[in-house]
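# Structural overview
What follows is each chain in one-letter form.
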Amino acid sequence: MSTHRTASTIFEISRPGRRGILPPTCEPGLPGIDSCIPGHLRRQVPAELPEVSELDGIRHYTRMSTLNFAIDNTFYPLGSCTMKYNPRLNEVAASKPGFTHSHPLARAEEVQGFLEAMHALELILAEVSGLPHVSLQPAAGAHGELTALMMIRAYHLERGAREREVILIPDSAHGTNPSSCTIAGFRTREVKSGKDGTVDMDDLRAKMDPEVAGMMITNPNTLGIFEPNIQEISSILHAAGGLLYMDGANMNAILGIARPGDFGVDVMHYNLHKTFSTPHGGGGPGAGPIAVTNTLEPYLPVPRVVRSRDGKFSLSENHPRSIGKVRSYFGNSGILLRALAYAWAHGPADLRAVSEHAVLNANYIRAGLDGAYHLPYGAPSMHEVVFSAKIQKQFSVRALDIAKRLCDLGFHPPTIYFPLIVSEALMIEPTETESKETLDQFIQAMLQIARESETKPELLHNAPVTLPVKRLDEVNAVKTPVLTCCGTSPQ
Ligand SMILES: Cc1ncc(COP(=O)(O)O)c(C=O)c1O
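Residues numbered from 1 in each chain as written. Predicted model: local features only at pLDDT ≥ 70, side-chain atom pairs only at ≥ 80, totals over all residues. Heavy atoms only, no water.

### Some thoughts on the overall build of the chain
Test applied: Strands are runs of DSSP state E lasting at least 2 residues, helices are runs of H or I lasting at least 4, and numbering of each runs from the N terminus. Residue burial is assigned from relative accessible area. The probe radius is 1.4 Å, only protein chains are included, and a residue is buried under 20% of its type maximum, exposed over 50%, and partly exposed in between. By the convention used here, residues are in contact when the closest approach between their heavy atoms is within 4.5 Å. The method behind every accessible area is Shrake-Rupley, applied with a 1.4 Å probe, and residues are considered shielded solely by the protein chains displayed. We count Lys and Arg on the positive side and Asp and Glu on the negative side, and we leave His and both chain ends out. A charge is said to be at NZ when it belongs to Lys, at CZ for Arg, at CG for Asp and at CD for Glu.
Within the chain one finds 15 helices and 12 strands. By its C-alpha atoms, the chain is 80 × 70 × 45 Å across when sized along the principal axes. Within the chain, the fraction of its 491 residues that count as buried is 49%. For the chain, restricting intrachain contacts to residue pairs at least 6 apart in sequence, the fraction spanning at least 24 positions comes to 68%. Of the roughly 23400 Å² of accessible surface on the chain, a fraction of 57% belongs to carbon and sulfur atoms. Both charge centroids of the chain, one from 45 positive and one from 51 negative side chains, sit 3 Å from each other.

### Overview of the sheet that holds strand 7 (residues 290-292)
Under the convention used in this document: Pairing between two strands is assigned when DSSP locates at least 2 bridges connecting them. With axes taken as lines fitted to C-alpha atoms, and helix axes fitted only over the stretch in contact, angles between N-to-C directions fall between 0 and 180 degrees.
The sheet built from seven strands is open, its strands ordered 1-7-6-5-4-2-3 with mixed pairing. Each edge of the open sheet is held by one strand with a lone partner, namely strand 1 (133-135) and strand 3 (187-191). Neighbour-to-neighbour, the strand axes of this sheet turn through a mean angle of 25 degrees, independent of strand direction. When strand 2 (residues 166-170) meets strand 4 (residues 212-218), the two strands line up parallel, connected through three bridges.

### Overview of the environment of Gly-17
If you trace the backbone, Gly-17 turns up in the segment before helix 1 (54-65). Among the residues examined, Gly-17 registers a relative accessible area of 53% and is labelled exposed.

### As for the sheet that holds strand 10 (residues 385-388)
In spatial order, the strands read 10-12-11; together these three strands make up an open sheet with antiparallel pairing. Each edge of the sheet is formed by a strand with only one pairing partner; in this case those strands are strand 10 and strand 11 (415-416). Here two bridges tie strand 11 to strand 12 (residues 425-428), and the two strands are oriented antiparallel to one another. Residue Ile-416 lies in a different strand from strand 12, and its bridge partner there is Leu-426. Against the sheet, helix 10 (residues 333-369) touches strand 10 and strand 12, its axis set at about 25 degrees to strand 10.

### So, the site of the ligand
Note the following rule: Being near a molecule or strand, for a residue, means having at least one of its heavy atoms within 4 Å of it. Under the rule applied, a polar contact is a pair of N or O atoms within 3.5 Å (in protein, one hydrogen donor and one hydrogen acceptor; residues adjacent in sequence only if both atoms are side-chain atoms). In the scheme used here, Gly and all other residues not listed as nonpolar or charged are polar, with Ala, Val, Leu, Ile, Met, Phe, Trp, Tyr, Cys and Pro taken as nonpolar and Asp, Glu, Lys and Arg as charged.
Every residue near the ligand is listed here: Ser-80, Ala-140, Gly-141, Ala-142, Glu-145, His-174, Thr-176, Asp-247, Ala-249, Asn-271, His-273 and Lys-274. Between Ser-80 and the ligand, the recorded distance is 2.5 Å, taken from a side-chain N or O atom to an oxygen atom. The contact in question runs from an oxygen atom of the ligand to an N or O atom on the side chain of Asn-271, over 2.9 Å. Contact with the protein chains covers 87% of the free accessible surface of the ligand, which is 390 Å². Those elements giving two or more residues to the shell around the ligand turn out to be helix 5 (141-158) and helix 9 (272-275). With three residues, the top contributor of residues to the shell around the ligand is helix 5. A per-class count over the shell around the ligand returns three nonpolar, six polar and three charged.

### Some thoughts on unusual backbone geometry
Of note, the amide linkage connecting Val-302 to Pro-303 takes the cis form, showing an omega dihedral of 0 degrees. When you line up the elements, Pro-303 lands in the loop between strand 7 and strand 8 (304-307). Here the amide bond leading from Ala-463 into Pro-464 is cis, since omega sits at 5 degrees, within 30 degrees of zero. Secondary-structure assignment places Pro-464 in the loop between helix 14 (457-462) and helix 15 (474-479). Phi is positive for Ser-80, which is not a glycine, with a value near 80 degrees. Residue placement: Ser-80 occurs in the loop between helix 1 and helix 2 (88-94). According to the relative accessible area criterion, Ser-80 is buried, its value standing at 7%.

This is the structure we're talking about:
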């Protein structure tokens, strides 16, 4: 599939004198180049630009646009990231002129439809989480974590509990969890996972003390395992005066099936770009709304959407115990609208079906690869399955080699080397939108790689062999990035 992915730079196809555009000549009074740009502003030497025909230019950029792996052109099982398909319906809804033409500083009377849409999304996220109050402002999952931690801090400070400076975090957690804690001014304390990959309850009890402000837990956790003791974890925290935060990155496994508010969570974030099919967007804009209990509601960020008795919507800043504003205006509204379109298009029954299919697909892959790849934890998988390349390592093949070889075979690799507690981890999350045929092709590719590990490991060490960019020296690539088209390093 990927053999057409050969590269040439646009300079290599350049030939002197070829033109793709005809710049306007300038006539007095008309726009143009020669007479419109004063002599002292003109270049003294010609710019080093490629000289190509319009058709060659278009072909070049069209081909370039297909060189990357993307959810729209290939299976993308990047575990924990939930790279689900972004339905085009979302785009249609979010690009309605009533939304795109409204100004963020418009008066509430002028943007009733937009505020109503935001209110509707808040209600849906509250219902799905079982937590009654929502803020849509945070711009990513990590930002939701930070916002929630600031609220937890405000809650304890209001009770005079200055000493509560510690947040407990399981060793399987995503790196943003400890980072957010540090940024919010907390110290972190690690809780071990037991042999089954879930929180070690004895270690949790041993780590509790009056300094604990709360715990951040991901459920299902990053091994794709549902924490069976979640209610007991919540009771232990609450009995000691702490609060339970849930990293909701893995909500795609439990939509309409289990509600964090019902199993003892006080506050959680959603990653709309994981669960509600909004674009991941290469670092932004994203959205990481938070949902909270009645107890934490007073600390939610402002402004908040308020619906008055007459059904009118407004933005209210009048919440004196609020932690304040965490994002300009109202958050990434275009993303929020896409999430609402997704939720409405599905409705409650289909949202539940999303999770059921996500879990089914992950388990189909698990069954297809079990034996060929080592499964470090036997507990049932939810929406993702974590293998280890332990078997392949005997033949000096590592998770990185497997990931690179998958690129040759036309698939985006799974997440590797995460979670950190699994050596040579391969974290596969297919999502619900993939067909059985695609899953079968992926399984076949992984089985082929398992065979190649034994018979021709050097092929895997050199992979990818069919892509324009071969195996990078990743350390060097970070330290001395070559960002120009022609291979010269920036000075
Ligand atoms: C488990 C988990 N928590 C938190 C995050 C952070 O989310 P975001 O990338 O939206 O900041 C991620 C992102 O991949 C994640 O997988």
